[in-house]
Amino acid sequence: MRKTEQKAAPRPRAARDLGTDTEVLPERLFTGLPIVSGIAVGPAYLFEDQSPVLTSVAIEADAVDGELDRFDGAIKKSRRQLTKLRSQLAMLPAEGAAELEPLLDAYMQMIGPSRLLRGVRKRIESLSAAETAVHDEVEDLAATILAMPDRDRAGLKRRAEEIREIGRRLIRNLTETPFQSFAKLAQGTILVIDTLRPADAALLSPARLAGVVTEEGGTDGHTAVMLRALGIPSILGAEGVTDVIRSGALLVLDGGAGTVTLNPGPATMAAAKRSSANFARERQKLAQLRRLAAETTDGQAVELLANLEVPLELPLIAQAGVEGIGLFRSEFMFMNRAELPDEDEQTEVYGQAVEAMEGDPVTIRVLDWGGEKEIEALQNSGFTTEISGINPALGLRGIRMLLRNPELLETQLAAILRAGARGPVNILLPMVTSIDEVRATRDILHKVVRRLKRRGEELPARMPPLGIMIETPAAALSADALALEADFFAIGTNDLTMYAMAADRGDIEVAKLYDPLHPGLLRLVQFTVEASLRLRKPVSVCGEMAANPKLTPLLLGLGLRALSMNASAVPKVKLVVRSVSIADCARLARRVMEQTEPAEIRALVEEFAEKSL
Ligand code: PEP
Ligand code: MG
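Residues numbered from 1 in each chain as written. Chains lettered and ligands numbered in written order. Predicted model: local features only at pLDDT ≥ 70, side-chain atom pairs only at ≥ 80, totals over all residues. Heavy atoms only, no water.

Novice: Please set out the site of ligand 1 residue by residue, giving values where relevant.
Specialist: The local shell around ligand 1 holds 15 residues, among which Arg329, Arg365, Gly492, Asn494 and Arg505 are the closest. Separating an oxygen atom of ligand 1 from a side-chain N or O atom of Arg329 is a distance of 2.7 Å. Glu471 places a side-chain nitrogen or oxygen 3.0 Å from an oxygen atom of ligand 1. Relative to its unbound accessible surface of 290 Å², ligand 1 loses 98% to contact with the protein. Residue assignment for the shell around ligand 1 shows that the elements contributing at least two residues are strand S10 (325-329) and helix H19 (493-501). No other element matches H19, which puts three residues into the shell around ligand 1. Across the shell around ligand 1, the residue classes tally to three nonpolar, four polar and eight charged. In this structure, the shell around ligand 1 is formed jointly by two domains, domain 3 (292-296 + 467-613) and domain 4 (324-464), each of which donates at least three residues. (Near = heavy atom within 4 Å. Polar contact = N/O pair within 3.5 Å; in protein donor to acceptor, adjacent residues only side chain to side chain. Areas by Shrake-Rupley, 256 points an atom, 1.4 Å probe, with all protein chains shown as cover. Helix = DSSP H or I, 4+ residues; strand = E, 2+ residues; numbered from the N terminus. Nonpolar A, V, L, I, M, F, W, Y, C, P; charged D, E, K, R; others polar. Domains from an automatic or database assignment.)

Novice: Report on the coordination of the magnesium ion (ligand 2), specifying residues and quantitative values.
Specialist: The magnesium ion (ligand 2) binds to the protein through Glu471 (OE) and Asp495 (OD); the donor distances cover 2.1 to 2.2 Å. With a gap of 24 residues between them, Glu471 in the loop between strand S13 (466-470) and helix H17 (473-477) and Asp495 in helix H19 connect regions that are remote in the sequence. Judged by its relative accessible area of 3%, Asp495 falls in the buried class. (Donors = N, O, S within 2.8 Å, 3.2 Å for Na, K, Ca; no water. Buried < 20%, exposed > 50% of the residue type's maximum accessible area, 1.4 Å probe, protein only.)

Novice: Describe the UniProt feature "active site" (unreviewed entry) in the chain, with residues and values.
Specialist: Following the UniProt record, one finds the feature "active site" (unreviewed entry) at His222 and Cys542. Within the fold, Cys542 resides in the loop between strand S15 (539-541) and helix H21 (552-557). For Cys542, the contacting residues outside a window of four places in its chain are Asn307, Leu327, Met469, Ala490, Ile491, Gly492 and Ser564. (UniProt positions renumbered as here; feature names shortened; annotations may be inferred. Contact = heavy atoms within 4.5 Å.)

Novice: An account of the pairing of strand S16 (residues 562-566) is needed here, citing residue identities and associated values.
Specialist: The buried count for S16 comes to four of five residues, which makes it a mostly enclosed element. Summarising the sheet, strand S9 (residues 303-308) and S16 pair through five bridges and their orientation is parallel. Residue Leu304 lies in a different strand from S16, and its bridge partner there is Leu563. (Pairing = 2+ DSSP bridges.)

Novice: Can you lay out empty space enclosed by the protein for me, pointing to particular residues and giving the numbers?
Specialist: Overall, the coordinates contain two cavities of 30 Å³ or more when judged by the stated rule. Here the second largest cavity is characterised by a volume of approximately 40 Å³. Along its surface, the second largest cavity is lined by Leu308, Pro311, Leu314, Phe328, Phe332, Val349, Gln352 and Ala353. The leading source of residues in the lining of the second largest cavity is helix H12 (residues 343-356), at three residues. For the lining of the second largest cavity, the per-class residue count stands at seven nonpolar, one polar and no charged. (1 Å grid on protein atoms, 1.4 Å probe; cavity = no way out; pocket = protein on both sides within 12 Å on 5 of 7 lines; lining within 4 Å. Points joined across faces, edges and corners; volume = space filled by probe spheres on them.)

Novice: With reference to specific residues and values, describe the pattern of salt bridges.
Specialist: Going through the model one piece at a time under the given rule, you end up with 28 salt bridges. The salt bridge involving Arg121 is made with Asp72; its shortest N-O contact spans 2.9 Å. One end of the pair, Arg121, is in helix H4 (residues 115-125); the other, Asp72, is in helix H2 (residues 64-87), and 49 residues separate them in sequence. The exposure class assigned to Asp72 is partly exposed, which follows from its relative accessible area of 28%. Where Arg365 meets Glu331, a salt bridge forms, and the shortest distance between an N and an O atom there is 3.1 Å. Taken together, the residues Arg365 in strand S11 (residues 362-365) and Glu331 in the loop between S10 and H12 connect sequence positions 34 residues apart. Accessibility expressed as a relative area gives 3% for Arg365, which makes it buried. (Salt bridge = Lys/Arg side-chain N within 4 Å of Asp/Glu carboxyl O.)

Novice: Would you mind going over the packing of aromatic side chains in detail, with residue names and values included?
Specialist: Taken as a whole and assessed by the stated rule, the structure comprises two aromatic pairs. Look at Phe328 and Phe332: their rings are 5.8 Å apart centre to centre, the planes differ by 50°, and that puts the pair in the tilted class. According to the relative accessible area criterion, Phe328 is buried, its value standing at 2%. Phe332 sits in the buried class, given a relative accessible area of 7%. Judged by centre distance (5.6 Å) and plane angle (80°), the rings of Phe328 and Tyr350 are edge-to-face. Here Phe328 is found in strand S10, whereas its partner Tyr350 is found in helix H12, with 22 residues between them in sequence. In this structure, Phe328 and Tyr350 share a single accessibility class: buried. Here the aromatic cluster, defined as three or more aromatic residues joined through ring pairs, consists of Phe328, Phe332 and Tyr350. (Phe/Tyr/Trp six-rings, centres within 6.5 Å; stacked < 30°, edge-to-face > 60°.)

Novice: If you had to explain the pairing of strand S7 (residues 250-254) to someone new, which residues and values would you point to?
Specialist: In terms of residue burial, S7 counts as a mostly covered element, since four of its five residues are buried. Here strand S3 (residues 39-47) runs beside S7; their pairing, made up of five bridges, is antiparallel. For Gly42, the partnering residue across the bridge sits in S7 and is Leu251. Relative to strand S8 (residues 259-262), S7 is paired through four bridges, and the arrangement is antiparallel. Within S8, the residue paired with Leu251 across the bridge is Leu262.

Novice: Account for the sheet that holds strand S1 (residues 28-31), naming residues and giving values.
Specialist: Strand order in the open sheet formed by eight strands is S1-S8-S7-S3-S4-S5-S6-S2, and the pairing between neighbours is mixed. The sheet terminates laterally at S1 and strand S2 (33-36), the two strands that pair on one side only. Averaged over all adjacent pairs, the angle separating strand axes in this sheet is 30°, with direction ignored. With two bridges joining them, strand S5 (residues 209-214) and strand S6 (residues 234-236) adopt parallel strand pairing. Bridge pairing links Val213 to Ile235 in S6. (Axes fitted to C-alpha atoms, helices over the stretch in contact; angles between N-to-C directions.)

Novice: Please give an account of helix H24 (residues 598-612) that cites residues and values.
Specialist: Helical periodicity: at 3.6 residues per turn, an α-helix aligns residues three or four positions apart in one direction. Here H24 is 15 residues long and its end C-alpha atoms lie 21 Å apart, about the 21 Å a rise of 1.5 Å per residue gives. Within the span of H24, buried status applies to Pro598, Ile601, Leu604, Val605, Phe608 and Ala609. All buried residues of H24 lie within an arc of 135° about the axis, which places them on one face of the element. Residues of H24 that are exposed and angled more than 90 degrees away from the buried face: Ala599, Glu610 and Lys611. For H24, the secondary structure elements touched by its buried residues are helix H20 (519-534), H21 and helix H23 (582-593). (Expected span 1.5 Å × (residues − 1). Arc of directions from axis to C-beta.)

Novice: Any details on the packing of H2 against H4? Residues and values, ideally.
Specialist: To characterise two packed helices, one gives the angle between the axes of the helices and the distance between these axes. At a minimum axis separation of 9 Å, H2 and H4 run at an interaxial angle of 155°. Classified by the interaxial angle, the pair formed by H2 and H4 is roughly antiparallel. Note on packing geometry: the crossing formed by H2 with H4 is right-handed. Here Val64, Glu67, Leu68, Phe71, Asp72 and Ile75 of H2 lie close against H4, whose contacting residues are Leu117, Val120, Arg121, Ile124 and Glu125. Considering only residue class, the contact of H2 with H4 consists of seven nonpolar, no polar and four charged. (Parallel < 35°, antiparallel > 145°, perpendicular 65-115°, else oblique. Left-handed = near helix turned anticlockwise from the far one by under 90°.)

Set out below in structure tokens:
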């Protein structure tokens, strides 16, 4: 943060950059829409659009073929760029990826066999240069859309803007104007930009950028969702910022208030300092908790672990005060792409997570495909992934699909083993129902180890433990037998509830039935935990139940000592762990297990939370 004594020499940087002789530049406040809370103080970086200025250009008849070729080249290049962007979706927080994906699909469609492309070709044939043809066709289409008698004006505007966006991309590629990258922005910069497009927002680095302020944009647009997902303090729709603010000028941005102050005076700087000190205090509170042990009042240690859905969560997980990753969902690596990730790519992704955890174990679950999850690359690959139309949730899902396609499993196991040379890993199998599946996988694992040894690959010093998800009633009720074959259990209460209650986890019609506090589900959990304790096999819960602090006492009371959850849930669960005794939790669990109704169980859980938390 800069000093507050703005009046004293030396002159503020902003004054020098503007090349004026003024000692102190007047403070100026801009107001926009608050999008992401947080205070940022730093130099502005004014992003100036490098788009070429187009004049209408006509061509001779003998140039038509050449222009059509240039246009085809620009389409191909745009397709490659969009495919690459699509492959980067997995690196974004889930919310951001969900926002961007349909948009990229829409762009892709527009540069497929579309009215836009047909229109451009016609214009080129009528002797327009390719750039002119794109520009004119796009503007025509946008005007037609905006003139539609639809009451959803915002929706029409969005569609027109999408068409203009793809037009800009085509023209950039035609004129070979390089895309200006945000990657080069100096650390701590506040980006000032006219319009931030969602696909560009996806390329911003929250680690480098202190804040974002734009002239255009609304609270619910794609860009706002992306910025929220990335957590960069941001304001959109701040009128006038790009006219007045210049690169290097000092700014104070308050994302929560929706304000940005240019040339902040001493009072503004002092207020910004106070606000960011408050922020820092909050963070510190969490940091303190991070360092404290997850231990009950009667001294029982509880292992708190993180679930990882996309690699972008890694920094958050590393700071969350967890003892490892209890569930690395590897599905993200296979989604939104045309081809499957090979062994090297997978090794790198797992290896990065292993290194980020600095010696804490990473439990990597092999691909859980099937049910509601669809993976395009697998369907294109020739592997047997057919979901029978009968009932996908009860079909070829998880380990069943992998054992049907051993090559897929072998590649993934090889990558996990190689990453295991960089730090401790565990291997986790999804959707197990029988001992045979565990045995078959272990055989494949041994075969892969032998193959890697022959190839001279570096392997983990000790074979990674091979564990299983307990997420089918059959697995839970044969946990005693499965514990003889599996090295550890991770109870997936999301699916276990679905299969126990015969209620789809995504079906609103049966949402009331989907209740993890149903005695049937709790008995499955209890049976599993007791079997694993008897056979001294580690057991954890990694379904959403583990992230609900109200349920922590019950899970501890049932004998669980390891819980894996979304990193953001860790502090609250840790607070609960630190304020209860195992003796009280066990008493609560005993009373809960005597009940017959979910409502009675819920009342007991709530009562315990009120009294002791
Ligand atoms: C579960 O089923 O509880 C689980 C953790 O797996 P997923 O949510 O990935 O299916
Ligand atoms: Mg599951």
